[in-house]
Amino acid sequence: KELPLGPIRMGYADWGQCDERLVEAARDGMNVLVWFSINLSVDSESGTPKVTGPATGPDFLDCVSKIGKMIDIVAPGMVHLIAVGGWNSPHPDTRFGWRSWWAAIRTWNQVHVARDGWHGFDGIDWDLEGNDDAGSKYNFFTTEVMELTRDLSAAAKKDGWLVTMAPPQSCMDPSTSVFSRKVDFSPLMPWHSEFKYHGRNLYAYWLANQGIDSFDLISVQLYEGWSEANFKISNGEAAADYLVTWAQNLMTGWDVDFSTDPDPRISILGKIRVSVPQELSLIHISEPTRLLSISYAVFCLKKKNTIHHTYNIFTLSNNSYIYLRNIKKQLIKQ
């Protein structure tokens, strides 16, 4: 499966959402849909790898096949991804390695998801994050989780699946060289020090250690709580100016220092220059399928053979559309 040619209009379903709003979004132009979400757990009875989470119940999967077929009729070529993780979700269980997990995911998709004439999911979207509970073990990423995610991405990509990632802005941040596997920091910007849910270039590990070739799409969450983007724009910087500079910094690259990590399997990487190469296209996307009150816009970087910049607006909010349309005009002008 390939990503659509030309503009990408990517939508995220809400937790366990399966309804005709997704069909309406597809009719309105969405061409990549991320269903939400699954976890990689171990069955308590059999002790074997098990795909769990909001997107795994039999009634839900019956609905997915029904709605999925409806979507494919109104939007032929739609890409269907399944998110792994999400906020407050457990990290992948590392008692099994990538071979066992890839076999489990592939079998689950073939046996349980693909049904009634629907083909199933085309790929995975990594959305691994932290937890509201400050004491949760999931506010720290073990080396085993980092390596499993890396190796599963490579296996899925090799097997023909699409692989995408959705890092919070603080976890893919060209403004700093600091790396950490913790996601309980305050913002780097001088505001809201009480908000301790930021990371430090966590997702940069997967680019540095595996390389861009394992990923088809990187969508950075600029809407992250009290993000740098929010700070800059709230303090008077023109949104278009900020977004252009930020995107250029991602493509130019920045140094990430892994040498301070306590695990030698990570620190051996040393200081590496991480970048999203210029032969990727910059695409403006939002979440048209979620509730209006939490709709947002983010940027993503999509692999292309040539340099090509495209800016697209897709949102439910009229006010947001006007605001983002103005940004679009300024970006194209620059």
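What counts and how
Residues numbered from 1 in each chain as written. Predicted model: local features only at pLDDT ≥ 70, side-chain atom pairs only at ≥ 80, totals over all residues. Heavy atoms only, no water. Helix = DSSP H or I, 4+ residues; strand = E, 2+ residues; numbered from the N terminus. Buried < 20%, exposed > 50% of the residue type's maximum accessible area, 1.4 Å probe, protein only. Areas by Shrake-Rupley, 256 points an atom, 1.4 Å probe, with all protein chains shown as cover. pLDDT = per-residue confidence, 0-100. Contact = heavy atoms within 4.5 Å. Polar contact = N/O pair within 3.5 Å; in protein donor to acceptor, adjacent residues only side chain to side chain. Phe/Tyr/Trp six-rings, centres within 6.5 Å; stacked < 30°, edge-to-face > 60°. Salt bridge = Lys/Arg side-chain N within 4 Å of Asp/Glu carboxyl O. Pairing = 2+ DSSP bridges. Right-handed = clockwise from strand over helix to strand, strands pointing away. Arc of directions from axis to C-beta. Core = buried A, V, L, I, M, F, W, Y, C linked by side-chain atoms within 4.5 Å.

**Student:** Would you explain the overall build of the chain in this entry?
**Tutor:** For the chain, the count of helices and strands is 9 helices and 13 strands. Expressed as a percentage of its 334 residues, the buried residues of the chain come to 55%. Of the roughly 14,200 Å² that the chain leaves accessible, carbon and sulfur atoms contribute 51%.

**Student:** Would you take a moment to explain the confidence of the model for the chain for this structure?
**Tutor:** Low pLDDT marks stretches whose predicted atomic positions should not be read closely. Taken over all residues, the pLDDT of the chain has a mean of 85, while the share at 70 or more is 82%. Every residue in residues 304-334 scores below 50 in pLDDT, and together they form 67 contacts with partners more than four places removed in sequence or on other chains.

**Student:** How should the environment of lysine 196 be read in this particular structure?
**Tutor:** Structurally, lysine 196 is set in the loop between strand E7 (180-185) and strand E8 (198-200). It is 4.8 Å that separates the C-alpha atoms of lysine 196 and aspartate 184, two residues lying 12 residues apart in sequence. Excluding anything up to four places from it in sequence, lysine 196 contacts Val183, Asp184, Phe185 and Ser186. In terms of polar contacts, lysine 196 uses its side chain to reach the backbone carbonyl oxygen of serine 193, at 3.5 Å.

**Student:** Can you help me understand the packing of aromatic side chains in this one?
**Tutor:** Geometrically, a pair of aromatic rings is defined through the distance of the ring centres and the angle of the planes. Counted according to the given criterion, the structure contains 13 aromatic pairs. Arranged with centres 5.1 Å apart and planes meeting at 80°, the rings of tryptophan 191 and tryptophan 226 form a pair that is edge-to-face. Residue tryptophan 191 is found in the loop between E7 and E8, and its partner tryptophan 226 is found in the loop between strand E9 (217-220) and helix H6 (228-234); the two are separated by 35 residues along the sequence. Judged by its relative accessible area of 31%, tryptophan 226 is partly exposed. Look at tyrosine 203 and tryptophan 206: their rings are 4.9 Å apart centre to centre, the planes differ by 85°, and that puts the pair in the edge-to-face class. Side by side, tyrosine 203 and tryptophan 206 carry an identical accessibility label, which is buried. One aromatic cluster in this structure is built from Phe179, Tyr203, Tyr205, Trp206 and Phe258.

**Student:** Got a minute to help me understand the pattern of salt bridges in this structure?
**Tutor:** When charged atoms on two side chains of opposite charge get close, those side chains can pair. Evaluated as defined, the whole model comprises 11 salt bridges. For aspartate 62, the salt bridge goes to arginine 115, with nearest N and O atoms at 2.3 Å. With a gap of 53 residues between them, aspartate 62 in helix H2 (residues 58-74) and arginine 115 in the loop between helix H3 (98-113) and strand E5 (123-127) connect regions that are remote in the sequence. On the accessibility criterion, aspartate 62 (36% relative accessible area) is partly exposed. Residues arginine 181 and aspartate 261 are paired through a salt bridge, measuring 2.8 Å at the closest nitrogen-oxygen approach. Of this pair, arginine 181 sits in strand E7 while aspartate 261 sits in the loop between strand E10 (254-257) and helix H8 (264-267), placing them 80 residues apart in sequence. As far as the burial class goes, arginine 181 and aspartate 261 line up, both buried. Overlapping salt bridges bring together Glu144, Asp263 and Arg265 as one network.

**Student:** Before we go on, may I ask you to explain the pairing of strand E6 (residues 162-165) in this structure?
**Tutor:** Regular strands have side chains that alternate between both faces of the sheet. Neither face of E6 is left uncovered, since the one carrying Leu162 and Thr164 and the one carrying Val163 and Met165 both have all their residues buried. Pairing analysis gives 4 bridges linking E5 to E6, with the strands arranged parallel. Bridging across to E6, aspartate 125 finds its partner in threonine 164. Read as a crossover between parallel neighbours, the route from E5 over helix H4 (residues 143-158) to E6 is right-handed. As paired elements, E6 and E9 share 2 bridges and run parallel to each other. When the bridges of E9 are listed, methionine 165 appears paired with isoleucine 218.

**Student:** Can you help me understand helix H1 (residues 20-27) in this one?
**Tutor:** Listed in full, the buried residues belonging to H1 are Leu22, Val23, Ala25 and Ala26. Mapping the buried residues of H1 onto a view down its axis gives an arc of 160°, with all of them on the same face. The inward-facing, buried residues of H1 contact strand E2 (32-42) and H2. Sitting at the head of H1, aspartate 19 places a side-chain oxygen 3.0 Å from the backbone nitrogen of arginine 21. Count one or two residues on from H1 and you reach glycine 29, which has phi positive near 125°.

**Student:** Explain unusual backbone geometry to me, please; I cannot follow it from the model alone.
**Tutor:** Excluding glycine, residues mostly have negative phi values, and the peptide bonds linking residues are mostly trans. With an omega dihedral of -10°, the bond running from phenylalanine 36 to serine 37 counts as a cis peptide bond. Following the sequence through the fold, serine 37 ends up in strand E2. The phi dihedral of asparagine 88 falls on the positive side, at around 70°, and the residue is not glycine. Topologically, asparagine 88 is positioned in the loop between strand E4 (79-85) and H3. With relative accessibility at 35%, the residue asparagine 88 sits in the partly exposed group. Not every positive phi belongs to a glycine, and histidine 192 is a case in point at roughly 50°.

**Student:** Could you clarify how one ought to interpret the nonpolar core in this entry?
**Tutor:** What tends to happen in soluble globular proteins is that the nonpolar side chains get buried as a cluster. Residues Trp35, Ile71, Trp126, Met165, Met172 and Leu207 are the most contacted members of the largest nonpolar core, which totals 71 residues. Non-local contacts of methionine 165, meaning those with residues more than four positions away in its chain, are made with Asp125, Trp126, Met172, Tyr203, Trp206, Leu207, Phe215, Leu217, Ile218 and Ser219. Listed in part, the 13 residues of the second largest apolar core include Val32, Phe36, Ala83 and Leu162.

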